[in-house]
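Below are the chains, spelled out letter by letter.
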Amino acid sequence: MNDVGAVKIPAYNFHDPALWFTMCDSTFQLGCPKAITDSKTKFNYIIAHLPPEAATIIRDVIMNPDPVEPYEKARMELIKRSGESSHQEIRKLLIGEELGDRRPSELLRVMRRRAESHSVPDDLMLELFQQHLPTRVQSILAAISPLTLEKAAEVADRVMEVTPIAVSACSVSSDKIPLKAMYLKK
């Protein structure tokens with residue numbers, strides 16, 4: 001069966017290969033004149049659109065494709081080899097993603113993605129999420145009961161929007177201040 005149809009494969013996502021394959025699968029469904037279903041055709045499309053750095057990760061799979069399901073084998077191996085290990089994901093979930101300049105809801109999405117294959121209970125996710133938020137936001141969330149993950153992210157986003165970001169104080173050692181200026185302070 002020849003499922004030839006023009007499709008536009010999205011740019012490869014080094015940070016989330018599983019998402020990239022899901023996007024490719026959606027693209028294959030849009031094939032013209034009909035959806036692309038043949039594993040070898042899908043394999044050829046993705047291999048032709050992989051950047052060299054990603055192709056190198058599964059060089060052996062590309063050079064010797066699976067005779068029955070080449071697309072599924074390439075998919076499985078690229079996700080397995082380029083993604084973080086389960087231990088790394090759990091460690092990052094527990095030790096922490098930093099909020100940085102992201103919205104709290106963005107941080108929660110990243111944390112959920114890390115936790116999706118580990119069956120992390122919602123109450124633990126809520127606690128881990130709150131630990132990554134500034135103290136002022138944690139204080140506000142502590143007053144809300146009952147609190148779900150979605151509600152916590154929504155409230156945290158709003159609080160972060162309306163409260164100014166704390167700026168760390170800078171200190172100057174006294175040996176850099178002129179003697180006259182030191183006495184004027186007192």
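From a predicted model like this one, the values you see are computed outputs, not experimental measurements.

1. Considering the nonpolar core
With 20 residues, the main nonpolar core has W20, F28, I46 and L50 as its most contacted residues. Those elements that provide at least two residues to this core are α1 (17–29), α2 (39–49), α3 (52–57) and α5 (70–82). What L50 contacts, discounting residues up to four positions off in sequence, is Y12, W20, A55, I58 and L78.

2. Considerations on the packing of α1 against α5
Contact pair α1 / α5: the axes reach a minimum separation of 9 Å and the direction vectors enclose 155°. For the element pair α1 / α5, the angle class is roughly antiparallel. On the side of α1, the interface is formed by P17, A18, F21, T22, C24, D25 and F28, while α5 contributes Y71, A74, R75, L78, I79 and S82. Among the residues making up the contact of α1 with α5, the classes are represented as nine nonpolar, two polar and two charged.

3. Observations regarding the side chain of K42
When you line up the elements, K42 lands in helix α2. Nearest to the buried, unbridged K42 among oppositely charged side chains is D25, at 4.5 Å. Once residues lying within four places of it in the same chain are set aside, the contact partners of K42 are F28, I36, T37 and Y71.

4. Side note on the environment of D157
Mapped onto the elements of the fold, D157 is located in helix α10 (residues 149–162). Accessibility expressed as a relative area gives 7% for D157, which makes it buried. When the C-alpha atoms of D157 and R103 are compared, they prove to be 6.0 Å apart, with 54 residues separating the residues in sequence. Setting aside chain neighbours within four positions, we find D157 in contact with R103, P104 and S105.

Reading the values: the criteria
- Residues numbered from 1 in each chain as written.
- Predicted model: local features only at pLDDT ≥ 70, side-chain atom pairs only at ≥ 80, totals over all residues.
- Heavy atoms only, no water.
- Core = buried A, V, L, I, M, F, W, Y, C linked by side-chain atoms within 4.5 Å.
- Buried < 20%, exposed > 50% of the residue type's maximum accessible area, 1.4 Å probe, protein only.
- Helix = DSSP H or I, 4+ residues; strand = E, 2+ residues; numbered from the N terminus.
- Contact = heavy atoms within 4.5 Å.
- Axes fitted to C-alpha atoms, helices over the stretch in contact; angles between N-to-C directions.
- Parallel < 35°, antiparallel > 145°, perpendicular 65-115°, else oblique.
- Nonpolar A, V, L, I, M, F, W, Y, C, P; charged D, E, K, R; others polar.
- Lys, Arg positive; Asp, Glu negative; His and termini not counted.
- Salt bridge = Lys/Arg side-chain N within 4 Å of Asp/Glu carboxyl O.

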